[in-house]
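Understanding the architecture of this molecule
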Amino acid sequence: MLTERLHTSKYSFLDKLKVLDYFLIIIVILIGAISVFAIYSTESGEFLYYTKNHLIRLVTFFLMFLFLSFIRITFWYQNAYIFYLICLFFLIIVLFFGITASGSQRWVNLYFLNLQPSELMKIAVIVCFARYYHRVQTTDIQNYKFLFIPLILLIIPCYLVIRQPDLGTAILIAGSGILIIWLAGLNLKYFVYSGLLLLVSLPFVISILKPYQKSRILTFFNPDRDPLGAGYQIIQSKIAIGSGGFFGKGFLKGTQSYLEFLPEKHTDFIFTLFSEEFGFLGSITLLFLYILLIYRVISIGFFVRSFFAKLYCFGFASAIFLYVFVNISMVLGLLPIVGAPLPIMSYGGSSMLSIMLGLSIVMSCKIYSQDQIRNY
Amino acid sequence: MQNRRSSVDKGRTISRRLFILTGAKLLLLGGITSRLYNLQISDREKYEILSDKNRIREWKTPPQRGIITDYFNNILADNDRVFQVHLSLDEVNNFDQTLFRLKNILNLSNNQTKKIYKKKEKLKPWDTLVVSDNIEWNEFSKLNLYLHELEGVKPVVSSSRYYPYGNSSVHVVGYVGDASLKDIERMEEIKENLVPGLKVGKSGIEYSNEKLLIGKYGIKRYEVNSSGKRISQIDYVKESQGVKIKTTIDLEIQKFAQELLIGKAGSICAMDIYTGEIIAMASSPTYDPNKFTHGINHKDWNEIRDNPLKPFVNKSIAGLYSPGSTFKPLVALAALEYNILNPNLKVRCKGHIEMYGQKYHCWKDKGHGYMSLRNAIKQSCDIYFYEMARKLGVDKLAVVAKKYGLGSSILGDVYFDEKKGLVPNTEWKRNNLGRGWLLGETIINGIGQGYIQTTPLQLCLMTAQLANGGYKINPHIISDENISFEDIKSKIQKDIESLKLSSKEDQRDTYSPIRLYKNSKNIKFILEAMFASTNEPGGTSFRSRYDNKKYQFAGKTGTSQVRRITEAERELDLKQSQILYKNRDHALYIAFAPYKDPRYAISVLVEHGGSGGKTAAPLASKLIKKIIDRHELREQIRKRIANLA
């Protein structure tokens, strides 16, 4: 029954190569190149462990991105729920057998890679929701029945991720899901109501937060509360960015970073390092590259024919925006510090893998844009 | 059809929602950009400063103290090379272990290690701890052998105060020690220059001239990482040395004077009677100021503190004594100036006299017989002076005594321990003791006993101002090149010559030296009587005279009682050696030399030394020879300085 709904066209390999989105590829390469220099700088200009690993991952996952781009979009459509379930399965495995590092249990050992399933879940949620809303009629969307299932689909992984604990990723997963629900056309009032509900339940939520999470939130409102403890990261990050000025301190000359005042400079605070060394000009340039990336993904979404592909592209573009926004706001002191990597830039295999995987699905949407998936 | 329409609706919905979402994204992006603008462009300076504060840390290096020399540029207070052990706390991994190793290598006592732990508590984790500020060379070289296994330990060659002639110079120069909280509060310069191991002046010139001597600290700027470890030196502003201070002291004479006093408690002062330069200011007993530089140990401290002869008291300026008969020239001068008596007036001395129902004794039991004023000074007849003081009255005497420098501080604030002494008068007694002046007090005041209190340096100044013809001079111990001997001498000469032409006061101009007399004949008379006292048979210091005109001097002995002698004791007629040390008389002597064309004045005081003629005058005699012998040398230096100026 399922296959009946799919109408696939035939493409020659040359055709596929022709429609590859080279613009997108160039942007990814540019951001990737910048990320290598940034990671290189965190090691004070020596080609050591982090740089080497980052470069290997970047190249590997970039090739994977190109390779996976040729998977038909209908494949993703067909296996969307399975993809989601696999990720959920891994999350459950992590819950029991995960590897613990710096106080949270997030990784599962796959021998060649320590995989962080929550990162994959960020993509799986988008794929899964795109599939789900692909079929739902506009008139049915406001129906409680069709609201209930996505909420369940969202709450389960979020809960598992919070348990690890990893508040940042959970927020990003939830955010991605909500973005798709929004795109699918759920009435504005639901968003307003749930927003109000969140506000009302905030005191209760805070009371069940872990002490370190509470202190992070309090610190966000007043970083000088504990300048050597919880507020240290944000204060040092602001100093680094601010002292960069318009042109920055210069490549490899970020004193805050090489004198080790900057925490987590490889991962969450990579933007800080970049901003310190390349200043306002560099930061704006990098932001612009991300905007181009998002713009490109959205414009691909406009030309695809199926709702699944459209929802996926728009959803993924919005999710990338969310990741970038949360990360940069965090290091600028606009949001509390929750662990959220900057796509492509941050050091970390799973995050790189999920972004590249997400991009390959976008590319697949483009290559097989003429594939029709019937809505009913 | 319906499906198709619905499908179009759905597509529109998605596009519309995306449009709204994009709007929201742009808003948020604007937020991020404005934040970036805020941090990196508006507040850039603020964050640059914070970033530098993070990465740059300053270490102060101790300033070099200015040196102190004598008149001939012999160094009295020097900066010597010392070997120190510093510990950079930021580089030490295990403090206890490192200190334990150091303790074994340097043979530190348990007490010392305890002190080091105490010191450490006050320091910040990146400060430098001075483990030892003065170790022997062999310990220092031994330490260098073990250095590779001692993290954070730094052998440092530093400079530290050293007094090459410590015992002889301490009462002039003073000494230094670690800056205390009091020192830091006392002076902004000390606070500013405060570094671990900073030494500051604790007494004498070292204390009063701290501002000039201290110099300016240096700064070493290092780039440090977040754990405070030094990465590289960015900048080194070199420390600078304090100003050199040149004193008017002649080291040779100072040393000689100090030697003369060995085994005695007392003081010797010598002064140029025209320039007011203090050539020697010895005080005995003395102590070694070098012991204080690195913290004096308990044994040495107790030894100095408990010495009954009081080494810490600078007797030249802080010792107060009755001047005894050395006061007589001034009493006689006062009497002559006020025309109280004719110098030819004869008074009969029977050895004692009854006045106001009280019996007063002369030092000579048998009496001097009939005395004139000249003879009374020469033989120091007390009876004559009782009579004279009675006629003169205490208030007039006080006026003259104060004019000649008694009763006030001489060196200003160079020595914080300098005492003013006391010249009593009726008003003083009424105000301070609340009782009226008794005539009997006037009588003993006439022989320099009673309430009157003077320092040896005051007596020296008094003598100098008599010897130069009765002119006010400016006594000082820190060399002043603006004071010219030729200038002062010629002015005084001119003033004396103008006196011969006309004795009218109003012909003098403001540049003339200040006269301390009304009639120069009176000064001459006193000086001549002092000459007789030394150089004529029967004079009280006749035995210490020089016949050689080059050394010939004039002086006046003094023997000051430290307590009242009872009638019973007078009957016993004990020799000084038979009396308890603390009850013996102080021996004093004042003199000026050479008698023809005098140039120097001296005062000698020996506490409980017995009679001035026997004890003090011989010391003075030796000192005067030394001073005259070195006169030419001093003149050469003086002229060289004058030429340079």
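Please read these numbers as outputs of a predicted model, since none were measured by experiment.

**With respect to the overall build of chain A**
- A tally of regular secondary structure across chain A gives 16 helices and 5 strands.
- A compact globule built from 376 residues would reach a C-alpha radius of gyration of about 21 Å, and chain A, at 21 Å, matches this within 12%.
- The buried share among the 376 residues of chain A stands at 56%.
- For chain A, long-range pairs separated by at least 24 residues make up 75% of all intrachain contacts whose partners lie at least 6 apart in sequence.
- Surface summary for chain A: the accessible area is close to 16,000 Å², and the carbon and sulfur share equals 71%.
- Here chain A contributes 27 positively and 16 negatively charged side chains, and the mean placements of these two sets differ by 10 Å.

**Brief notes about the pairing of strand β17 (residues 554-560) of chain B**
All names here are of chain B.
- Counting buried positions over the 7 residues of β17 gives 6, a clear majority of the element.
- Bridge analysis of β17 against strand β18 (residues 586-593) gives 7 bridges, and the strand direction is antiparallel. By the bridge assignment for β18, Thr 559 is matched with Ala 587.

**Focus: the interface of chain B and chain A**
- Taken together, the contacts link 38 residues of chain B with 58 residues of chain A.
- Regarding the contact of chain B and chain A, the summed buried area is about 4,000 Å², with carbon and sulfur atoms giving 68% of it.
- When the area that chain B buries against chain A is broken down by residue, the three leading residues are Lys10(B), Arg17(B) and Gln40(B), summing to 18%.
- Between the two partners, chain B and chain A, sit 0 salt bridges.
- Listing elements by their share of the side of chain B that touches chain A, those giving two or more residues are α1 (2-42), α2 (44-55) and β8 (218-224) of chain B.
- Broken down by element, the residue count for the side of chain B that touches chain A peaks at 26 residues, all from α1(B).
- Of the residues in the side of chain B that touches chain A, the class split is 15 nonpolar, 13 polar and 10 charged.

**Topic: unusual backbone geometry**
- Residue Pro165(A) is reached from Gln164(A) by a cis peptide bond, and omega for that bond is -5 degrees.
- Of the consecutive residues Ser284(B) and Pro285(B), the connecting peptide bond is found in the cis state with omega at -5 degrees.
- The topology assignment puts Pro285(B) in the loop between β12 (278-284) and α12 (290-293).
- The phi dihedral of Asn339(B) is positive, around 55 degrees, even though this residue is not glycine.
- Structurally, the position occupied by Asn339(B) is in the loop between α15 (328-337) and β13 (347-349).
- In this structure, Ser380(B) is a non-glycine residue whose phi angle is positive, near 55 degrees.
- Counting through the fold element by element, Ser380(B) comes out in the loop between α16 (373-378) and α17 (382-392).

**Quick word on the confidence of the model for chain B**
Residue and element names in this part refer to chain B.
- Taken over all residues, the pLDDT of chain B has a mean of 89, while the share at 70 or more is 98%.
- When pLDDT is averaged over each helix and strand of chain B, the minimum, 77, is found for helix α24 (residues 567-572) and the maximum, 97, for strand β19 (residues 600-606).
- Interface confidence for the predicted complex, given as ipTM, is 0.92, next to a pTM of 0.73.

**Observations concerning the sheet that holds strand β9 (residues 230-237) of chain B**
Residues and elements named next belong to chain B.
- If you trace the 3 strands from one edge of the open sheet to the other, you get β1-β8-β9, paired in antiparallel fashion. Each having just a single partner strand, β1 (56-61) and β9 make up the two edges of the open sheet. Along the sheet, successive strands turn relative to each other by an average axial angle of 25 degrees, direction set aside.
- With 6 bridges joining them, β1 and β8 adopt antiparallel strand pairing. By the bridge assignment, Ile 56 is partnered in β8 with Glu 223.
- Contacting β1, β8 and β9, α2 runs over the sheet at an angle of about 55 degrees to β1.

**Points about the packing of aromatic side chains**
- All told, the structure shown has 49 aromatic pairs over all chains when counted by the stated rule.
- When the centroid spacing of 6.0 Å and the interplanar angle of 10 degrees are considered together, the rings of Phe321(A) and Phe325(A) count as stacked. Here Phe321(A) pairs with Phe325(A), and both are found in helix α15 (residues 307-331), just 4 residues apart, close to one helical turn. Here Phe321(A) matches Phe325(A) in class, with each residue buried.
- A ring pair is formed by Tyr546(B) and Phe553(B), whose centres lie 6.0 Å apart and whose planes are at 70 degrees; its orientation type is edge-to-face. Across the pair, exposure class does not vary: Tyr546(B) and Phe553(B) are buried alike.
- Counting every residue linked through ring pairs, the aromatic cluster contains Phe37(A), Tyr40(A), Phe251(A), Phe274(A) and Phe278(A).
- Positioned above the aromatic ring of Tyr347(A), the side-chain terminus of Arg57(A) is 4.8 Å from the ring centre.
- Lying over the aromatic face of Tyr207(B), Arg186(B) brings its terminal NZ or CZ to 3.7 Å of the ring centre.

**What about the side chain of Ser267(B)?**
Residues and elements named next belong to chain B.
- By the secondary structure assignment, Ser 267 is in strand β11 (residues 266-272).
- Judged by relative accessible area, Ser 267 falls into the buried class, the value being 0%.
- Only 3.0 Å separates the side chain of Ser 267 from the side chain of Ser 316, close enough to count as a polar contact.

**Side note on α2(B)**
Residues and elements named next belong to chain B.
- End to end, α2 covers 16 Å across 12 residues, agreeing with the expected 16 Å (1.5 Å per residue, within 8%).
- Buried within α2 we find Tyr 47, Ser 51, Asn 54 and Arg 55. End-on view of α2: buried residues confined to an arc of 80 degrees, all on one side of the axis. In α2, the exposed positions that point more than 90 degrees away from the buried face belong to Glu 45, Ile 49 and Lys 53.

**With respect to the pattern of salt bridges**
Residue and element names in this part refer to chain B.
- Applying the stated criterion across every chain, the model contains 39 salt bridges over all chains.
- A salt bridge links Glu 387 to Arg 390; the shortest N-O distance between them is 2.8 Å. Here Glu 387 pairs with Arg 390, and both are found in helix α17, just 3 residues apart, close to one helical turn.
- On the accessibility criterion, Glu 387 (15% relative accessible area) is buried.
- Residue class for Arg 390 comes out partly exposed when judged on its relative accessible area of 36%.
- The closest approach of N and O atoms between Arg 638 and Glu 635, which form a salt bridge, is 2.7 Å. With Arg 638 and Glu 635 both in helix α26 (residues 631-644) and 3 residues apart, the pair spans about one turn of that helix. The pair Arg 638 / Glu 635 is uniform in exposure class, with both members buried.
- Through salt bridges with shared partners, one network takes in Asp 272, Glu 486, Arg 599, Glu 635 and Arg 638.

**Topic: the sheet that holds strand β4 (residues 114-115) of chain A**
- Across the sheet, 3 strands lie side by side as β2-β3-β4 (chain A); this open sheet has antiparallel pairing. Every other strand in the sheet has two partners, leaving β2 (99-101) and β4 of chain A as the edge strands with one partner each.

**Looking at a positive patch on the surface**
All names here are of chain B.
- On the surface, Lys 114, Lys 115, Lys 118, Lys 119 and Lys 122 cluster together to form a positively charged patch.
- Looking at where Lys 114 falls in the secondary structure, it is placed in helix α4 (residues 110-122).
- The class for Lys 114 is exposed, based on a relative accessible area of 59%.

**Notes on empty space enclosed by the protein**
- If you walk through the whole model with that rule in mind, you get 4 cavities of 30 Å³ or more.
- Approximately 60 Å³ is the volume attributed to the largest cavity.
- Along its surface, the largest cavity is lined by Leu287(A), Tyr290(A), Ile291(A), Ile294(A), Phe321(A), Val324(A), Phe325(A), Leu29(B) and Ile32(B).
- Contributions of two or more residues to the lining of the largest cavity are made by α14 (270-303) and α15 of chain A together with α1 of chain B.
- Partitioning the lining of the largest cavity into residue classes produces 9 nonpolar, no polar and no charged.

**Concerning the state of the cysteines**
Residues and elements named next belong to chain B.
- Tallied over the full model, the rule gives 0 disulfides over all chains.
- With no disulfide partner, Cys 362 has as its closest neighbouring cysteine sulfur the one in Cys 349, 3.9 Å distant.
- A relative accessible area of 2% places Cys 362 in the buried class.

**A word on the nonpolar core**
- Tyr133(A), Tyr312(A) and Met356(A) are the most contacted members of the largest nonpolar core, which has 132 residues in total.
- Broken down by element, this core gets its largest block of residues, 19 residues, from α15(A).
- Among the nonpolar cores identified, the runner-up in size contains 93 residues, and Phe385(B), Tyr386(B), Ala401(B) and Ala467(B) belong to it.

**Here's the deal with helix α18 (residues 394-403) of chain B**
All names here are of chain B.
- Along α18, the residues classified as buried are Val 394, Leu 397, Ala 398, Val 400 and Ala 401. One face of α18 carries all of its buried residues, which in axial projection span an arc of 165 degrees.
- Against the buried residues of α18 lie α15, α17, α19 (426-433) and α20 (439-445).
- After α18 finishes, the residue Gly 405 shows a positive phi value of roughly 105 degrees.

Conventions and cut-offs
- Residues numbered from 1 in each chain as written.
- Chains lettered and ligands numbered in written order.
- Predicted model: local features only at pLDDT ≥ 70, side-chain atom pairs only at ≥ 80, totals over all residues.
- Heavy atoms only, no water.
- Helix = DSSP H or I, 4+ residues; strand = E, 2+ residues; numbered from the N terminus.
- Rg over C-alpha atoms; globule rule 2.2 N^0.38 Å.
- Buried < 20%, exposed > 50% of the residue type's maximum accessible area, 1.4 Å probe, protein only.
- Contact = heavy atoms within 4.5 Å.
- Areas by Shrake-Rupley, 256 points an atom, 1.4 Å probe, with all protein chains shown as cover.
- Lys, Arg positive; Asp, Glu negative; His and termini not counted.
- Charge placed at Lys NZ, Arg CZ, Asp CG, Glu CD.
- Pairing = 2+ DSSP bridges.
- Buried area = accessible area lost by both parts, 1.4 Å probe.
- Salt bridge = Lys/Arg side-chain N within 4 Å of Asp/Glu carboxyl O.
- Nonpolar A, V, L, I, M, F, W, Y, C, P; charged D, E, K, R; others polar.
- pLDDT = per-residue confidence, 0-100.
- Axes fitted to C-alpha atoms, helices over the stretch in contact; angles between N-to-C directions.
- Phe/Tyr/Trp six-rings, centres within 6.5 Å; stacked < 30°, edge-to-face > 60°.
- Lys NZ or Arg CZ within 6 Å of the ring centre and 35° of its normal.
- Polar contact = N/O pair within 3.5 Å; in protein donor to acceptor, adjacent residues only side chain to side chain.
- Expected span 1.5 Å × (residues − 1).
- Arc of directions from axis to C-beta.
- Patch = residues over 30% accessible without salt bridge, like charges linked within 9 Å, V, L, I, M, F, W, Y side chains within 5 Å.
- 1 Å grid on protein atoms, 1.4 Å probe; cavity = no way out; pocket = protein on both sides within 12 Å on 5 of 7 lines; lining within 4 Å.
- Points joined across faces, edges and corners; volume = space filled by probe spheres on them.
- Disulfide = S-S within 2.5 Å.
- Core = buried A, V, L, I, M, F, W, Y, C linked by side-chain atoms within 4.5 Å.

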